[in-house]
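Report on the structure
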Amino acid sequence: QVSKNMARNTKLSSNLAAFTWHVTKMINELIHSCVSINEQKDENPETGMKHTNVTMKIALVGKARVVCGALNLYRIMLHEAMVETLNQRRNEEQTDESFSSLEELLQFDSRLLDNVSLTDTNLARSLIDSLLNIISFSIESKETKKLIYSTPELYDTMVFTLQLLLVLFSSQLYSPI
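Per-chain numbering applies: the sequence of each chain, read as written, is numbered from 1 onward. Thresholds applied to this predicted model are a pLDDT of at least 70 for local features of residues and 80 or more for the giving and counting of side-chain atom pairs; totals over whole chains, interfaces and linings are not thresholded and use all residues. Where side-chain values are given, they derive from all heavy atoms of the structure, hydrogens and water being excluded.

1. Focus: the overall build of the protein chain
Broken down by element type, the protein chain carries seven helices and six strands. Starting at the N terminus and walking to the C terminus, you meet the elements of the protein chain as α-α-β-β-α-α-β-β-β-β-α-α-α. Relative to its 177 residues, the protein chain shows a buried fraction of 37%. In what follows, a contact means two residues having at least one pair of non-hydrogen atoms within 4.5 Å. Pairs at least 24 residues apart make up 72% of the contacts formed inside the protein chain by residues separated by at least 6 positions. Note on areas: Shrake-Rupley with a 1.4 Å probe; residue coverage comes only from the protein chains shown. Counting every atom, the protein chain has about 11,000 Å² of accessible surface; 55% of that belongs to carbon and sulfur. To qualify as a helix, a DSSP run of H or I must reach at least 4 residues; to qualify as a strand, a run of E must reach at least 2; elements of each kind are numbered from the N terminus. When accessible area is computed with a 1.4 Å probe and restricted to protein chains, residues below 20% of their type maximum are described as buried, those above 50% as exposed, and intermediate ones as partly exposed.

Take a look at the structure:
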């Protein structure tokens, strides 16, 4: 129900675009944390084996859980907004063939601040870049694969990333044939 209410007001606000920006930043921070945890290995003087800093691992799990939840909520909201946008266009009986739901839905319209108008930004590209970065990062090295497979929250993040990509790239399914 919340996603339907949000979708109804998508054109009037930049809430979905702002959420896109937050999701993008969260994904980038998760990638940075994974890189940091792979680089920061301490050697145990007693065993001579390398082990990961426990607090970094706990923080990584927390970040991965938050990103999973954000990706899932974002996917639900974006899908609903895409469907709602198409339904509005059908009801208005527009014959405009240039329907680009991502372009319209992910446009961040900035407000006038201190008599200075900030440029409007389409956040679709930065979102796609972040999603592709996390997928490519997942197959970067043996250590990365081991980290992802040993941390269920990171594995879930990859699943939610792929689900979101499916929704993003299947936008043509929403347009009339």
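Alright, that's what it looks like, and here's the rest.
2. A look at the packing of aromatic side chains
Each pair of aromatic rings taken from Phe, Tyr and Trp, with Trp reduced to its six-membered ring, is defined by centres within 6.5 Å and is described as stacked if the planes are under 30 degrees apart, edge-to-face if over 60, and tilted in the remaining cases. Applying the stated criterion to the full structure yields two aromatic pairs. Centre to centre, the rings of Phe19 and Tyr74 are 5.6 Å apart; their planes meet at 65 degrees, and the pair counts as edge-to-face. Of this pair, Phe19 sits in helix α2 (residues 15-39) while Tyr74 sits in helix α3 (residues 54-91), and the two are 55 residues apart along the sequence. The exposure class assigned to Phe19 is buried, which follows from its relative accessible area of 18%. Pairing Tyr149 with Tyr155 gives two aromatic rings, centres 6.0 Å apart and planes at 40 degrees, and the pair type is tilted. You can call Tyr149 exposed: its relative accessible area is 64%. The exposure class assigned to Tyr155 is partly exposed, which follows from its relative accessible area of 43%.

3. Quick word on the nonpolar core
Most often, soluble globular proteins keep nonpolar side chains buried together rather than apart. Membership of the largest hydrophobic core comes to 34 residues, with the highest contact counts inside it found for Leu16, Val23, Ile27, Tyr74, Leu78, Leu131 and Leu154. Sorting the residues of this core by element identifies α2, α3, α5 (124-138), α6 (142-150) and α7 (152-169) as the ones contributing at least two each. Counting residues per element, this core draws most heavily on α3, which supplies 10 residues. Joining through side-chain atoms within 4.5 Å is the link that ties buried Ala, Val, Leu, Ile, Met, Phe, Trp, Tyr and Cys residues into a set, and such a set is a nonpolar core.

4. Topic: the side chain of Ser130
Relative to the helices and strands, Ser130 is located in helix α5. On the basis of relative accessible area, Ser130 is assigned to the buried category, the value being 2%. Polar contacts involving the side chain of Ser130 include one to the side chain of Asn28, which spans 3.1 Å. Between N or O atoms, a polar contact is any pair within 3.5 Å; within protein, one atom must be a potential hydrogen donor and the other a potential acceptor, and residues adjacent in sequence are included only when both atoms are from side chains.

5. Description of α7
Any helix carries an expected span of 1.5 Å times its number of residues minus one. Taking 1.5 Å of rise per residue, 18 residues should cover 26 Å, and α7 covers 26 Å from first to last C-alpha, within 8% of that figure. Considered for burial, the residues of α7 that qualify are Glu153, Leu154, Thr157, Met158, Thr161, Leu164, Leu165, Val167 and Leu168.

6. Looking at the pattern of salt bridges
We define a salt bridge as a contact between a side-chain nitrogen of Lys or Arg and a carboxyl oxygen of Asp or Glu at a distance within 4 Å. Scanning the entire structure with this criterion turns up two salt bridges. Between Glu153 and Arg65 there is a salt bridge; the shortest N-O distance is 3.2 Å. In this pair, Glu153 is assigned in helix α7 and Arg65 in helix α3, connecting sequence segments 88 residues apart. What makes Arg65 exposed here is its relative accessible area of 55%.

7. A word on the side chain of Thr144
Within the fold, Thr144 resides in helix α6. Only 2.9 Å separates the side chain of Thr144 from the side chain of Ser141, close enough to count as a polar contact. What Thr144 contacts, discounting residues up to four positions off in sequence, is Asn38, Phe137 and Ser138.

8. Considering the confidence of the model for the protein chain
When the pLDDT values of the protein chain are averaged, the result is 77; 67% of them are 70 or greater. Confidence scores labelled pLDDT are given residue by residue by the predictor and lie between 0 and 100. The spread of mean pLDDT over the elements of the protein chain runs between strand β5 (residues 116-117), the lowest at 52, and α7, the highest at 91.

9. Some details on the packing of α6 against α7
Viewed as axis vectors pointing N to C, α6 and α7 meet at an angle of 100 degrees, and their least axial separation amounts to 5 Å. Here α7 runs roughly perpendicular to α6, going by the angle between their axes. Contact residues: Leu147, Ile148, Tyr149 and Ser150 in α6; Pro152, Leu154, Tyr155 and Met158 in α7. In this classification, Asp, Glu, Lys and Arg are treated as charged, Ala, Val, Leu, Ile, Met, Phe, Trp, Tyr, Cys and Pro as nonpolar, and every other residue, Gly included, as polar. Classifying every residue of the contact of α6 with α7 by side-chain character gives seven nonpolar, one polar and no charged. Note on geometry: axes are lines fitted to C-alpha atoms, helical ones only across the stretch in contact, with angles between N-to-C directions running from 0 to 180 degrees. The cut-offs work like this: below 35 degrees is roughly parallel, past 145 is roughly antiparallel, 65 to 115 is roughly perpendicular, and the gaps in between are oblique.

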